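Chains, contacts and geometry: an overview
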Amino acid sequence: MNGARPALNVIMLGPPGAGKGTQAERLARTRGLPKISTGDILREAVQAGTEMGLAAKATMEAGNLISDDVMIGIVRDRLNREDARVGFVLDGFPRTVAQAAALDEMVNGRGPLIVLAMVVPEDILVRRLATRRICSKCGATAAVDWNVCGKCGGALIARVDDSIDIVRERLKIYLRQTDPLVNFYSTRGTFRAIDGNQRPDIVTAQVDAAITAATSAAGAAQ
Ligand code: ADP
Ligand code: ADP
Ligand code: ZN
């Protein structure tokens, strides 16, 4: 390995509103890793009006999942880019067992896969999503104290799919399609559940501690 640090491959698992994006952003910054958010990639494609974006728009606005084939292709291409050799923080992928199985193959030989499952009660999720704002220009999720985007100054807006009816639909789909991933991963030494219903800074500290613990568990297993 030429003394290079081992890759740090992390996935953020959890329902809509659990704080995956918020924590992924912090982790990516402090550890110098690319943040790969499939929701962001899709929203950028919608805004840019690409073929993929046009095909995805209605599905996303209804709160349904994009097909596994499309999502697996997007993530495979992204992980093959040079900057992901040091690892990555994945936010919003995998969301189905088929995606998780494909990810295992992609990561095979690239170091351990650390799985952080953020746990937040449903009533809190609904409340958070009702007030979530994103930048209309760059798509960043607004921090609590922003009146305009802290990155580019753009106006803040609600996400179409954060309206209450769509949120209920997304939570149902989460339970049906994505929650089974907790069982898929939970027997691995690199799995950690995190109480996401705490102040963001406390969650960040626990994310950090979980990564340290999971990394040494992975080392011990080798
Ligand atoms: P996800 O990516 O899992 O859907 P986000 O990171 O976008 O979740 O967070 C959803 C909303 O909740 C955002 O408005 C965000 O600012 C807010 N939020 C994130 N983490 C916390 C937290 N620990 N406590 C309170 N609100 C939070
Ligand atoms: P949230 O932050 O609320 O968890 P995301 O921003 O991750 O939501 O995703 C928004 C939408 O993008 C999803 O409702 C879905 O339509 C689509 N999407 C994102 N990631 C995936 C994925 N891995 N598989 C299928 N659809 C996805
Ligand atoms: Zn912005």
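Refer to the preceding data block for the structure.
Our subject in this report is the structure included herewith. No experiment lies behind these values; they were computed from the predicted model shown. (Residues numbered from 1 in each chain as written. Chains lettered and ligands numbered in written order. Predicted model: local features only at pLDDT ≥ 70, side-chain atom pairs only at ≥ 80, totals over all residues. Heavy atoms only, no water.)

**Description of the pattern of salt bridges**
Enumeration according to the criterion identifies 15 salt bridges in this entry. Taking the shortest distance from any N to any O, the salt bridge between D104 and R188 comes out at 2.7 Å. Of this pair, D104 sits in helix 5 (residues 97–107) while R188 sits in the loop between helix 8 (180–186) and strand 7 (191–195); the two residues are 84 residues apart in sequence, bridging distant segments of the chain. The class of R188 is partly exposed, set by a relative accessible area of 28%. One salt bridge connects D161 with R159, and the closest N-O pair in it is separated by 3.0 Å. Across this residue pair, the class does not change: D161 and R159 are buried. Linked by salt bridges that have partners in common, E25, K35, D40, R43 and K151 make up one network. (Salt bridge = Lys/Arg side-chain N within 4 Å of Asp/Glu carboxyl O. Helix = DSSP H or I, 4+ residues; strand = E, 2+ residues; numbered from the N terminus. Buried < 20%, exposed > 50% of the residue type's maximum accessible area, 1.4 Å probe, protein only.)

**A short note on the coordination of the zinc ion (ligand 3)**
Coordination of the zinc ion (ligand 3) by the protein involves C135 (SG), C138 (SG), C149 (SG) and C152 (SG), with metal-donor separations of 2.3 to 2.4 Å. Every donor counted, the four donor atoms about the zinc ion (ligand 3) form angles of 98 to 119° at the centre, which fits tetrahedral coordination. Counting along the primary sequence, the residues that act as donors to the zinc ion (ligand 3) give the motif C-x2-C-x10-C-x2-C. Here C138 falls in the partly exposed class, since its relative accessible area comes to 35%. (Donors = N, O, S within 2.8 Å, 3.2 Å for Na, K, Ca; no water. Tetrahedral: all angles 85-135°; square planar, octahedral: opposite > 155°, others 65-115°.)

**Structural notes on the site of ligand 2**
Taken together, 19 residues lie near ligand 2, and T38, R43, N64, G92 and R170 sit nearest. Interatomic distance of 3.0 Å between a side-chain N/O atom of K20 and an oxygen atom of ligand 2. One nitrogen or oxygen atom from the side chain of R132 is found 3.1 Å from an oxygen atom belonging to ligand 2. In the complex, the protein chains occlude 97% of the 560 Å² of accessible area that ligand 2 would expose alone. Of the residues forming the shell around ligand 2, the biggest block, four residues, is contributed by helix 2 (residues 38–48). Within the shell around ligand 2, the residues separate by chemical class into seven nonpolar, five polar and seven charged. (Near = heavy atom within 4 Å. Polar contact = N/O pair within 3.5 Å; in protein donor to acceptor, adjacent residues only side chain to side chain. Areas by Shrake-Rupley, 256 points an atom, 1.4 Å probe, with all protein chains shown as cover. Nonpolar A, V, L, I, M, F, W, Y, C, P; charged D, E, K, R; others polar.)

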